[in-house]
Structure formats: structure tokens, C-alpha cells
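Listed below are the residues making up each chain.
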Amino acid sequence: MKILSIGNFGTGWDGSICDEEHIAKALEDMGHEVGRYQREDANEHVAIPIGYYNLVLIAQWDGYPEQFMEVISQLQCLVVYWAFDYQPDGQEWHERLVRGADIYLSKRLADSKYPNWHWLSQDFAPMFLNKVPFEVKKDIDVLFTGSYLDWATERNEIVKAVDEKFNLTVHSVTTDEWTKQGIKNSLGPAMDASLPELIARAKINLSIDHTIEAGYWSDRNAQIMACGGFVLFRYIPMSEVAFHDNIEYFNSKEDCLGKIEAYLEVPKFCENIAEMGYKYARFNLMVKNRVEDMLIIVEQYL
């Protein structure tokens, strides 16, 4: 299949390699021809050969020109818009992309109101993430990798409560904001190739999304699991369908604190769950798995 992918093929706001590049590489590894079109080059006079591509895959971005989807619709191929991240209602740029696509993919069940919507999780790990091939001292009791966001009140409260009681290390692009919140060990972001060793150092990898909405979660769990880490996750309805018993769940701040205290006393239990999660992730939570899911949806329309 000939696929034109439109998005960001460099690094994102946090300095990590963008999902679009991981997806394009996975498609190429599967034998598809992928053309990369950097989103900043997109305009209303874009020169793309009509009839050449079978599929145009468009990634979320608020900078596409207003008439861009009308231009794309003239290419005589299937148009797919994949929103990787949480997109709240009421954003005109997002609505334009949804309306202009033949297929809209997202992980928000709330998006079922759109007639062209299909649910597609984005819980994947890039293929280069894996266990480190050497022994690493577990000198971090609890690790959290995530930004401070004003509106993520439950997440903020839990992170602060964990920091007060345990040896917590936070890595994020919002180092100063976490420090202002009183986090004692707030460090800079750990991205891509630096993640496996960091995750290996942690006895418990704390995973909390910025919102609690059924069917929606970030790729944090998949990345931790693909590196062989033990995940303690703030339960979200339907997440058990994705992760089963390969991670541990909690439902409240009190539940989280209690389970951290208990799990730190039973490292072998955590190691066993982490090993189960690692094996599961290698076969089910890599980028190629999500690309395969996407193609199953797409092939219904070709």
C-alpha cells in the first residue's frame, strides 16, 4: 500500500521522537511505501500527486490551514485522521480535521458521536524500547515521569502525597513546576533512549493520567512494560482490557499509598509482575501492534 503520512517527523514539545515517525517506520517495516510530509510545509497549494496514494494518514495539529482538508480530499484516496492525544470538545481546528476525514481514529469513547469514528488505542511503545542488557541497581523506590498540569488535580495530589511518604523521583519537562509544588527530587525529562535504564532503576513505576475517562490512557504503561518495569496504575475503566493482570491498579490516593508501602516489602512479587508485563508488551503493546489494528480498520474502506 502507498501511504502518505502528514505530521511531525522530528521531535515534539517534550524533545521526544514523535509518534508519526514511529508509525511510519512500522508501516515501512511491514512492506508499505510511506511518504512523509512535514506538517509545517502543509498549505492550501500543497503539491501531492493525485491518485498515487491509497491512503493519507493525518496526525493531530492545530496549525493546518483552514482549507487544507478540502485540498486533501481531492487526492482520490482514503483520508484518515488519527488523534493520538486527548482532544477535548469545542476545538474548531480539530472539528475541521474530523469532518474532512473518511475515518477518524481516537481513544476517546466520547468521540463515538462522530459517524466516521473508530476507537484505536495509542498505548504503544517504540520498537527501540527494551530492557537494558546489564544489571541496574534499583535505587529509586517510586518513579513518576509526567508533567505538572494545573487541571490534573487528582494526579497532582497523589504525586505530592507519594513524595511526602516515600522516596519519589519525578522526571518531566515541568521540573520547576513540580519543585514549586514541593516535590523534593524533581529532575529534567528522560526521553527515548534514556528511558530503559531509568525505568530499570525504579522498584515501582507510578502511572497516573491527567484525566480519568473510560477508554482513554496514555502510552506510559506500554513504554514502562516494554522496558521491563513494574507498573502501579491509577485505574481507568476499560484499561483492564488492554493490560489485564500484567500491571497493578489503584483507585484512590489512599489505595495508592497503601499499595506502594506493601509492594516495597515484596520486591519478588513486583519482579514477577514486571516480567509478565514485559512479555505481554513485546507481543501486544509495540507500535507495530497498533499499526496492525489501524490497518484492519482501514481495509474495511478500501
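Going by the structure above, here's the rest.
Residues numbered from 1 in each chain as written. Predicted model: local features only at pLDDT ≥ 70, side-chain atom pairs only at ≥ 80, totals over all residues. Heavy atoms only, no water.

Attention now moves to the overall build of the protein chain. Along the protein chain, the regular secondary structure elements total eleven helices and twelve strands. Computed over the C-alpha atoms, the radius of gyration of the protein chain is 20 Å, within 12% of the 19 Å expected from 2.2 N^0.38 for a compact globule of 302 residues. Oriented by its inertia axes, the alpha-carbon framework of the protein chain measures out at about 60 × 35 × 30 Å. Relative to its full complement of 302 residues, the protein chain shows a buried share of 56%. Considering only contacts in the protein chain between residues 6 or more positions apart, those separated by 24 or more positions represent 64%. (Helix = DSSP H or I, 4+ residues; strand = E, 2+ residues; numbered from the N terminus. Rg over C-alpha atoms; globule rule 2.2 N^0.38 Å. Buried < 20%, exposed > 50% of the residue type's maximum accessible area, 1.4 Å probe, protein only. Contact = heavy atoms within 4.5 Å.)

What follows is about the sheet that holds strand S9 (residues 186-187). Strand order in this open sheet of six strands is S9-S8-S7-S10-S11-S12, and the pairing throughout is parallel. With partners counted over all chains shown, the strands left at the sheet margins are S9 and strand S12 (248-250), one partner each. Sitting on the sheet, helix H9 (residues 253-263) touches strand S7 (140-145), strand S10 (202-207), strand S11 (231-234) and S12, and the angle it makes with S12 is about 145°. (Pairing = 2+ DSSP bridges. Axes fitted to C-alpha atoms, helices over the stretch in contact; angles between N-to-C directions.)

Let us look at the nonpolar core. Ranked by size, the top nonpolar core spans 26 residues in total, and within it Trp217, Met225, Val231, Phe233, Phe243, Ile247 and Leu285 carry the most contacts. Taken together, the elements giving at least two residues each to this core come down to S7, helix H6 (195-201), helix H7 (220-226), S11, helix H8 (239-243) and helix H10 (267-284). The residues contacting Ile247, other than those within four sequence positions of it, are Asn221, Met225, Val231, Phe233 and Ile273. (Core = buried A, V, L, I, M, F, W, Y, C linked by side-chain atoms within 4.5 Å.)

Our next topic: a nonpolar patch on the surface. Together, Leu109, Trp119, Met238 and Val241 line one region of the surface with nonpolar side chains, adding up to about 320 Å² of accessible area. Counting through the fold element by element, Val241 comes out in helix H8. (Patch = residues over 30% accessible without salt bridge, like charges linked within 9 Å, V, L, I, M, F, W, Y side chains within 5 Å. Areas by Shrake-Rupley, 256 points an atom, 1.4 Å probe, with all protein chains shown as cover. Salt bridge = Lys/Arg side-chain N within 4 Å of Asp/Glu carboxyl O.)

Turning to the packing of helix H1 (residues 19-29) against helix H11 (residues 287-299), a few remarks are in order. One can describe the packing of H1 onto H11 by two numbers: an axis separation of 9 Å at closest approach and a directional angle of 75°. Considering their axes alone, H1 and H11 lie roughly perpendicular with respect to each other. Where H1 abuts H11, its residues His22, Ile23, Ala26 and Leu27 lie against Val287, Lys288, Val291, Met294 and Leu295. The class makeup of the residues in the contact of H1 with H11 is seven nonpolar, one polar and one charged. (Parallel < 35°, antiparallel > 145°, perpendicular 65-115°, else oblique. Nonpolar A, V, L, I, M, F, W, Y, C, P; charged D, E, K, R; others polar.)

For the pair helix H4 (residues 153-165) and H9, the least separation of the axes is 10 Å and the interaxial angle reads 35°. As for how H4 packs across H9, the hand of that crossing is right-handed. Each of Glu157, Ile158, Ala161, Val162 and Lys165 in H4 lies in contact with H9, whose residues at this interface are Lys253, Cys256, Leu257, Ile260 and Glu261. For the contact of H4 with H9, the per-class residue count stands at six nonpolar, no polar and four charged. (Left-handed = near helix turned anticlockwise from the far one by under 90°.)

Moving on, we get to the packing of aromatic side chains. Within this structure, the stated rule accounts for 16 aromatic pairs. With 5.2 Å between their ring centres and 5° between their planes, Tyr64 and Phe68 make a pair best called stacked. Aromatic ring contacts, followed pair by pair, group Trp119, Trp217, Phe233, Tyr235, Phe243 and Tyr249 into a single cluster. Directly above the aromatic system of Tyr52 lies the positively charged group of Lys2, at a separation of 5.4 Å from the ring centroid. Looking at Lys131, its charged tip hangs above the ring of Tyr278, at a distance of 4.4 Å from the centre. (Phe/Tyr/Trp six-rings, centres within 6.5 Å; stacked < 30°, edge-to-face > 60°. Lys NZ or Arg CZ within 6 Å of the ring centre and 35° of its normal.)

With respect to the helices and strands, Cys256 occurs in helix H9. Classification of Cys256 by relative accessible area gives buried; the value is 0%. When the C-alpha atoms of Cys256 and Asp111 are compared, they prove to be 30 Å apart, with 145 residues separating the residues in sequence. Discounting chain neighbours no more than four positions away, the residues touching Cys256 are Ile158, Val162, Leu206, Leu232 and Phe250.

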